[in-house]
Amino acid sequence: MEEIIGAITEAEAQAAEIRAEAQSKAAALVAEAQAKADETEKTTREVCKAYKATQNKASIAAAQSEYAASVAQKTAEAKAYTAKILENIEAAVAKIVGRVTSGDC
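Summarised in this report is the structure supplied together with it. (Residues numbered from 1 in each chain as written. Predicted model: local features only at pLDDT ≥ 70, side-chain atom pairs only at ≥ 80, totals over all residues. Heavy atoms only, no water.)

So, on to the environment of Leu29. With respect to the helices and strands, Leu29 occurs in helix H1 (residues 2–102). A residue is classified by how much of its surface remains accessible, and Leu29, at 56% relative accessible area, is exposed. For the pair Leu29 and Tyr51, spaced 22 residues apart in sequence, the C-alpha separation works out to 32 Å. (Helix = DSSP H or I, 4+ residues; strand = E, 2+ residues; numbered from the N terminus. Buried < 20%, exposed > 50% of the residue type's maximum accessible area, 1.4 Å probe, protein only.)

Below, the structure written as structure tokens:
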């Protein structure tokens, strides 16, 4: 009977030792997982920050390019309009000069 009690006591001691070892391993795994999660979060924040900066620069460059193209287009339109007006102005100037020189003001 004492042998059975001794065997049970020994088994309980082994079970307690196994449980303590398992808890220690679990704590180590949790700590390792937390460290990996923290590193992943840090890396993700840095990647997002870099992406935001890159996208801001790209957006600014695109806006400046669009602005320059719009200004160039409107400048060309204004020059064409001015040229068209200047073509028709000579007849009006000749008419005015003719009226002034003939005394018919």
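Let's pick the thread back up.
All right, on to the pattern of salt bridges then. A side chain with one charge can pair with a side chain of the opposite charge if their charged atoms come near. A complete count under the given rule lists 4 salt bridges for this structure. Glu41 is the partner of Arg45 in a salt bridge, and the nearest nitrogen-oxygen pair spans 2.8 Å. With Arg45 and Glu41 both in helix H1 and 4 residues apart, the pair spans about one turn of that helix. By relative accessible area, Arg45 is classed as exposed at 56%. By relative accessible area, Glu41 is classed as partly exposed at 40%. (Salt bridge = Lys/Arg side-chain N within 4 Å of Asp/Glu carboxyl O.)

Together, Leu86, Ile89, Val93 and Val97 line one region of the surface with nonpolar side chains, adding up to about 320 Å² of accessible area. In this structure, Val93 sits in helix H1. (Patch = residues over 30% accessible without salt bridge, like charges linked within 9 Å, V, L, I, M, F, W, Y side chains within 5 Å. Areas by Shrake-Rupley, 256 points an atom, 1.4 Å probe, with all protein chains shown as cover.)

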